[in-house]
Amino acid sequence: MSEEKPVRRRAGGARGADNGRANDARTQSQYQPYKDAEWGFINHWYPALFSGELAEDEVEGIQICGVQIVLRRAGGRVFALKDQCIHRGVRLSAKPMCFNKETISCWYHGFTYNLESGNLDTIVGNPDDKLIDNTRLMTYPVEEVAGMIFVFVRDDEFPDEDVPPLSEDLPIRFPESSERFPHPLWPASPGLLDEEVVALGIHRTGEANWRIACENGFDNAHILVHKDNTIVQANNWVLPLGIRPASDDCITPIEEDGGPKGMMQWLFTDRWEPILENEELGIKVEGVNSRLYRTSVVLPGVLFVENWPEEHIAQYEWYVPITDDTYEYWEVLVKHCPSEKDAKDFRYRFDTVYQPLALRGFNDCDLHAREAMQDFYADGSGWEEEQLVDTDVSAIMWRKLASRHNRGIAQPPRGAQGRVKASSIRLKNVSEGRSPGYYVEKIEDLNNHNRTKVTERR
Amino acid sequence: MPTATCRFSDGESFTFDADPDALFLDAALAAGVPILHQCRSGSCGTCVCTSEQQALTMPRSTATCLLQTEVAQGRRLSCVGQLQADDTLSFDYPSTQTGPARASAFVDAIDWLADDVVRLRAELAEGDWLTFDPGQFLMLTPPGETEGRRYSLSSTPGQLPMLEFLIRVLPQGLVSDYLRERAAVDDVITLTGSYGSFRWRKDLSRPHIFVAGGTGLAPILSILDDLRSRSGKKPPLLLCFGCTSPETRFGAEEVALRADWMPTLTVRRTLETGAQAGEIAGDPVAVIDQADVSKESCAYLCGPPPMIAAATARLLELGVAAERIYAEQFTAALQSETLTEE
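Residues numbered from 1 in each chain as written. Chains lettered and ligands numbered in written order. Predicted model: local features only at pLDDT ≥ 70, side-chain atom pairs only at ≥ 80, totals over all residues. Heavy atoms only, no water.

What about the overall build of chain B?
And step 1. For chain B, the helix and strand inventory stands at seven helices and 19 strands.
And step 2. Once the C-alpha set of chain B is aligned to its principal axes, its extents read approximately 75 × 50 × 30 Å.
And step 3. Going through the 342 residues of chain B one by one, you find that 54% of them count as buried.
And step 4. Taking the contacts inside chain B whose residues are at least 6 apart along the sequence as the reference set, 67% of them involve residues at least 24 apart.
And step 5. Of the accessible surface of chain B, which amounts to about 14,300 Å², a share of 48% is contributed by carbon and sulfur atoms.
And step 6. Each charge class in chain B can be summarised by its mean position, and for the 28 positive and 45 negative side chains these summaries are 6 Å apart. (Helix = DSSP H or I, 4+ residues; strand = E, 2+ residues; numbered from the N terminus. Buried < 20%, exposed > 50% of the residue type's maximum accessible area, 1.4 Å probe, protein only. Contact = heavy atoms within 4.5 Å. Areas by Shrake-Rupley, 256 points an atom, 1.4 Å probe, with all protein chains shown as cover. Lys, Arg positive; Asp, Glu negative; His and termini not counted. Charge placed at Lys NZ, Arg CZ, Asp CG, Glu CD.)

Side note on the environment of B:Pro263
And step 1. Mapped onto the elements, B:Pro263 comes out in the loop between α5 (252-261) and β16 (265-271).
And step 2. Taking the C-alpha atoms as reference points, B:Pro263 and B:Leu237, 26 residues apart in sequence, are found 9.2 Å from one another.

Some details on the pairing of strand β4 (residues 77-82) of chain A
Residue and element names in this part refer to chain A.
And step 1. Extensive coverage of β4 is indicated by the burial of five of its six residues.
And step 2. Where strand β3 (residues 67-74) and β4 come together, six bridges link them in antiparallel fashion. Each residue of the ladder has a partner; that of Ala-74, found in β4, is Arg-77.
And step 3. Counted along the chain from β3 to the antiparallel partner β4, the turn is two residues long, and its residue Gly-75 has a positive phi close to 60°.
And step 4. Bridge analysis of β4 against strand β8 (residues 139-140) gives two bridges, and the strand direction is antiparallel. The residue of β8 that forms the bridge with Ala-80 is Tyr-140. (Pairing = 2+ DSSP bridges.)

Focus on the interface of chain B and chain A
And step 1. Listed per partner, the contact involves 32 residues of chain B and 32 residues of chain A.
And step 2. Surface buried jointly by chain B and chain A totals about 2,800 Å² across both partners, of which 45% is contributed by carbon and sulfur atoms.
And step 3. Along the contact surface separating chain B from chain A lie three salt bridges.
And step 4. Ionic pairing is found between B:Asp108 and A:Arg9, a salt bridge with its closest N-O pair at 2.9 Å.
And step 5. Seen at the junction of chain B and chain A, the total is 14 residue pairs in polar contact (both at pLDDT 80 or more).
And step 6. For the side of chain B that touches chain A, the element with the most residues is α5(B), which contributes six residues.
And step 7. Residues of the side of chain B that touches chain A, tallied by class, amount to 14 nonpolar, five polar and 13 charged. (Buried area = accessible area lost by both parts, 1.4 Å probe. Salt bridge = Lys/Arg side-chain N within 4 Å of Asp/Glu carboxyl O. Polar contact = N/O pair within 3.5 Å; in protein donor to acceptor, adjacent residues only side chain to side chain. Nonpolar A, V, L, I, M, F, W, Y, C, P; charged D, E, K, R; others polar.)

Structural data, given as structure tokens:
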């Protein structure tokens with residue numbers, strides 16, 4: 001029997017002769033793993049919620065690196081489990097149901113999981129089923145520091161004993177690194193893990209791939225987008241048009257065992273040259289007040305801006321992948337506040353100046369810029385077509401370091417929000433004014449679905 | 001004990017004695033019967049068969065996905081059933097369903113990496129599929145030919161439907177002649193497989209030593225890339241990779257990239273004659289030191305038989321347990337032999 005079925009190439013183009021990874025004539029580049037990380041780096045610590053977003057007994061659902069996660073606070077402690085019932089994939093967080101402090105139940109068929117272990121403890125209406133105690137839901141380690149809840153987002157095989165401490169996924173700390181990374185112009189920068197630190201910030205969803213967002217933060221040519229920002233002009237800050245590398249040691253990799261992995265940029269030292277004027281265009285920075293800062297970045301994409309937006313403050317940023325085209329943008333300011341008054345003053349200034357003018361005004365320019373870049377990279381071609389210049393040394397170095405030290409490349413998720421871009425539910429939400437985002441869509445009015453046109457016969 | 005006869009759609013049948021107290025699927029699999037199965041709990045229906053005498057019974061306490069009408073027709077789920085008396089069970093798929101697959105693939109690139117080494121990249125055709133374990137090989141049949149030759153994959157299962165081979169081109173040979181004389185992008189080649197017991201054991205707790213000679217690098221690259229994509233901490237890894245001469249040297253960039261991407265990987269590249277900067281003069285076995293070996297180490301060797309023999313002797317001498325040395329011999333004779341049975 002001869003097979004006469006026609007032999008055809010696979011449809012879909014994305015895996016076609018010129019775009020796929022394995023069949024391309026290009027040499028795999030030095031940062032191919034980074035290019036593969038469309039859905040982010042998995043097996044890392046990410047911020048999930050501010051502590052204030054999860055009061056006792058509250059449940060919230062989020063998504064990081066394509067992994068749906070449900071968080072519940074019980075007895076003061078925060079627990080994180082996969083937000084996808086093993087039975088038929090329902091998100092537990094869509095309609096929280098908890099009968100005690102030890103478990104969370106799926107509101108659809110009653111599969112009830114132990115918060116600590118993820119074990120299937122019982123099924124509400126089927127308590128003798130043989131599946132009980134024979135399966136479990138993935139759990140995620142949680143740390144809560146300085147009013148922030150961090151979750152170790154891992155794939156289903158990552159063993160408990162390999163979970164690193166949170167400090168390995170946070171920026172380097174001072175003064176312990178003061179000798180290695182001194183800066184003549186300011187004292188040791190505050191850090192989230194310090195005592196007496198107050199952290200204030202915001203988080204919101206941005207529409208771009210997380211890498212586009214992350215690279216924006218430490219791109220020393222991007223500050224042009226901030227030239228006309230209110231906070232810069234109102235303060236008469238000297239914000240250069242760009243900052244050029246002036247020495248081959250302008251960036252130091254951070255690769256020590258047991259510590260965070262990333263890099264430090266020696267900004268506002270003689271290793272970088274600030275550009276204050278472009279004669280051809282007749283542009284000159286007219287500010288008179290220096291606004292000195294320094295940026296470093298560590299895996300899984302945590303920006304640390306020392307001495308910003310004012311003295312004795314450091315700004316943290318995370319670009320937490322939600323899907324391959326959305327990220328949760330976290331901006332957090334930290335300051336040592338030894339007294340109640342210090343904390344109160346910091347809060348007042350946060351509300352009146354930092355949030356409206358820096359985290360929003362100034363950084364909103366970055367959100368615009370990342371969105372403007374997204375289409376170029378969205379189909380993968382931008383990584384090949386981009387023509388980089390010497391200020392992009394920062395991005396290249398970061399891509400290489402991230403390729404080497406990441407703990408895993410998140411795979412496109414199975415059965416999770418955002419994998420299918422044009423699902424009917426997504427389209428309906430969008431048409432009703434709700435963008436694809438970070439939080440689960442909760443069922444609010446039990447007796448009223450109220451989302452579809454109802455046809456009656458009376 | 002009742003006797004079971006399992007009959008498949010290709011006419012193949014298997015007869016064995018089935019313990020009435022055992023689950024039928026377990027008894028059948030233990031007897032080597034290739035029954036497709038998945039959930040093992042009566043819910044997915046993959047293992048369904050037809051019981052002629054209806055002697056395969058399913059416990060009434062277990063709800064299954066079968067309709068009562070199907071049960072009445074003799075349909076049964078092997079995974080929850082128990083055989084009470086002699087019976088014939090028929091399965092409506094061929095007995096080869098679980099064996100080696102056959103697939104067409106389109107050639108995407110033919111790159112000459114050295115005077116006698118070609119990197120062949122291909123993509124499985126629409127509707128075709130096969131899979132493999134890192135380290136294994138496929139039979140490759142060029143267009144217009146009826147027989148094939150065996151080649152290890154250098155790509156990983158995760159990269160499917162994309163495939164990559166590193167092929168040593170001989171002065172004469174079925175695939176060698178094809179590559180040298182007429183291979184072109186968009187050609188359709190035929191692949192069957194997977195084959196071979198040289199497979200990565202996926203034991204991430206052990207230090208790994210890889211020794212590769214020439215295109216013996218292919219399965220090692222597949223293992224390294226698969227290992228890199230695994231979850232959790234990576235063990236110390238050592239790759240000793242040797243070529244013979246500047247004319248046959250290849251793969252320097254590929255192995256250097258892996259060392260960049262994997263902090264726990266050490267690479268030693270050797271060249272027998274004409275070694276340059278970054279290379280060690282000699283062969284890949286000579287560069288393995290006592291310090292590279294621990295009691296827990298495992299080793300994967302792939303290359304020409306003399307290299308395998310030397311590497312095995314060296315690793316045993318350094319204390320690697322014999323049962324954790326895995327080897328694949330690459331010989332011209334093997335590659336020119338038609339593979340009929342594995």
